[in-house]
Amino acid sequence: MQHQATAMTLSERADELEEQMMNDLNERIATKSVLFNMGDGKVEIEGGAALMAKHPGKYFLMGADPRLPKMPEKPTLVDFFKLRFASTAHLLLSATHALKAGLDEKTILACLLHDIGVVSFIRCDHGYWGAQLIEPYVDEEVSWAVRVHQALRFFPDESVGYKYPDMYVKYFGADYKPEPYIVAEYERARNHKWYMTARQICINDIYSFDPNAKVDLNDFVDIIGRNFKQPKEGLGFDGSPSAHMWRTMMWPTRFL
Ligand SMILES: [Fe+2]
Ligand SMILES: [Fe+2]
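These notes cover the structure that comes with them. Here, residues in each chain are numbered from 1, in the same order as that chain's written sequence. As they are written, the chains are lettered A onward and the ligands numbered 1 onward, keeping that order. Reporting in this predicted model follows two pLDDT cut-offs: at least 70 for local features of residues, and 80 or more for side-chain atom pairs to be given and counted; totals over whole chains, interfaces and linings ignore these cut-offs and use all residues. Side-chain descriptors were evaluated using all non-hydrogen atoms of the structure, hydrogens and water having been removed beforehand.

Attention now moves to the overall build of the chain. Within the chain, the secondary structure is distributed over 14 helices and zero strands. The way it works is that DSSP assigns letters per residue, a run of H or I at least four long becomes a helix, a run of E at least two long becomes a strand, and they are numbered from the N terminus. Listed by position from the N terminus, the elements making up the chain come as α-α-α-α-α-α-α-α-α-α-α-α-α-α. C-alpha atoms of the chain, sized along the principal axes, occupy 75 × 45 × 35 Å. Two residues form a contact once any of their heavy atoms are found within 4.5 Å. Sequence separation of at least 24 residues holds for 70% of the intrachain contacts in the chain that already meet a minimum separation of 6. His is not counted here, nor are the chain ends, while Lys and Arg score as positive and Asp and Glu score as negative. Where a charge lies is defined by one atom per residue type, namely NZ (Lys), CZ (Arg), CG (Asp) and CD (Glu). The positive charge centre, built from 29 side chains, and the negative charge centre, built from 35, are 2 Å apart in the chain.

Here it is as structure tokens:
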């Protein structure tokens, strides 16, 4: 249907422009990185020329993927929780448990963010990826704890009532032994001044504590505000050492 530009209000015009942009993006070729293909057991990449031949007359996508939830211009951590983290119940449950236990805000934040590597990015070495994502924005103690919780989870600490998780026996088999790099990480962490912060992540790293418990991200917005240095440019646009990782979550199918 044809609109008469003069008869349109500014906001109608903005809507139409936005719709046009979306249609343009739909005409673009979204690409899969090698990592996505490896997830299907293939070490493969489709070259640019082959893809163009398959989609004649189209350009590659170099921005937002219209199939994914639209991110705001200056995204915050909360925006990533809502629009890019595939599942947040476990994070909210852990943080709620830490909050109810009366732990300090840094530890609560560490619990809230401990598995963001898994829910937003990649499972393998999720503690390291998660720590790297948040490192520029949190107290060093928080990112350190997120990094090493991955290793500590495999080692009991009876002094605080933490046992080897039954879930790990179920998931990995009774004879699973962590690799040497995980053992070494545990040994380094064991004597570290922030050991107990990371151990608290493990203690609160549970999948259920009260089936009727209500969890809500809003309970943590103030703690995030006080303990996560949200960049004013938006996550991904502040030039920090992990900005590219946030951008990749925003635009995972960009050609470059
Ligand atoms: Fe974890
Ligand atoms: Fe966890």
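The next thing to look at is the coordination of the iron ion (ligand 2). Summarising the metal site, the iron ion (ligand 2) is bound by the protein donors H90 (NE2), H114 (NE2), D115 (OD) and D205 (OD), whose distances to it range over 2.1 to 2.2 Å. Sequence positions of the residues that donate to the iron ion (ligand 2) give the spacing H-x23-H-D-x89-D. The metal-metal distance between the iron ion (ligand 2) and the iron ion (ligand 1) is 3.8 Å, with D115 serving as a donor to both. Within this pair, whereas H90 is found in helix α5 (residues 89–100), its partner D115 is found in the loop between α6 (105–113) and α7 (116–120), the two being separated by 25 residues in sequence. Coordination shells were defined by N, O and S atoms within 2.8 Å of each metal, extended to 3.2 Å for Na, K and Ca; water is absent from the atom set, which can make sites look incomplete.

Time to look at the coordination of the iron ion (ligand 1). Surrounding the iron ion (ligand 1) are the protein donor atoms D115 (OD), H126 (NE2) and H149 (NE2), which sit 2.1 to 2.2 Å from the metal. Look at where the donors of the iron ion (ligand 1) fall in the sequence and you get D-x10-H-x22-H.

Within the largest apolar cluster, 52 residues are counted, with the highest numbers of intra-cluster contacts made by L112, L113, I134, F228 and W246. Among the elements that take part in this core, helix α9 (residues 140–152) stands out by supplying seven residues, more than any other. Within this scheme, the nonpolar core is defined by two criteria: the residues are buried Ala, Val, Leu, Ile, Met, Phe, Trp, Tyr or Cys, and they are joined through side-chain atoms within 4.5 Å. For each residue, the accessible area found with a 1.4 Å probe, counting protein chains only, is set against the maximum for its type, and the residue is called buried under 20%, exposed over 50%, and partly exposed in between.

All right, on to helix α14 (residues 243–250) then. When α14 is considered as a whole, its buried residues turn out to be A243, M245, W246, M249 and M250. Angular distribution of buried residues about the axis of α14 spans 165°; they occupy a single face of the element. Its buried side turned inward, α14 meets α4 (77–83), α7 and α8 (126–134). The directions from the helix axis to the C-beta atoms are what the arc is built from.

Another point: the packing of α9 against helix α12 (residues 195–204). Relative orientation of the contacting elements α9 and α12 amounts to 55°, with a least axis distance of 8 Å. The orientation of α9 relative to α12 falls into the category oblique. The way α9 lies across α12 gives a crossing that is right-handed. Of the residues in α12, those in contact with E141, W144, A145, V146, V148, H149 and L152 of α9 are Y195, T197, A198, R199, I201 and C202. Think of each axis as a best-fit line through the C-alpha atoms, taken over the contacting stretch in the case of a helix, with angles from 0 to 180 degrees between the N-to-C directions. Reported orientations rely on four angle classes, namely roughly parallel under 35 degrees, roughly antiparallel over 145, roughly perpendicular from 65 to 115, and oblique for the rest. Two helices cross in a left-handed way if the nearer one is turned anticlockwise from the farther one by less than a right angle. They cross in a right-handed way if the turn is clockwise.

Further remarks concern the side chain of N204. As for its placement among the helices and strands, N204 is situated in helix α12. The class of N204 is buried, set by a relative accessible area of 2%. Residues adjacent in sequence count toward polar contacts only when both atoms are side-chain atoms; beyond that, a polar contact is any pair of N or O atoms within 3.5 Å, and within protein one must be able to donate a hydrogen and the other to accept it. Engagement of the side chain of N204 in a polar contact is seen with the backbone oxygen of Q200, the distance being 2.8 Å. N204 has contacts with S94, H97, A98, L103 and C111, leaving out every residue within four places of it along the chain.

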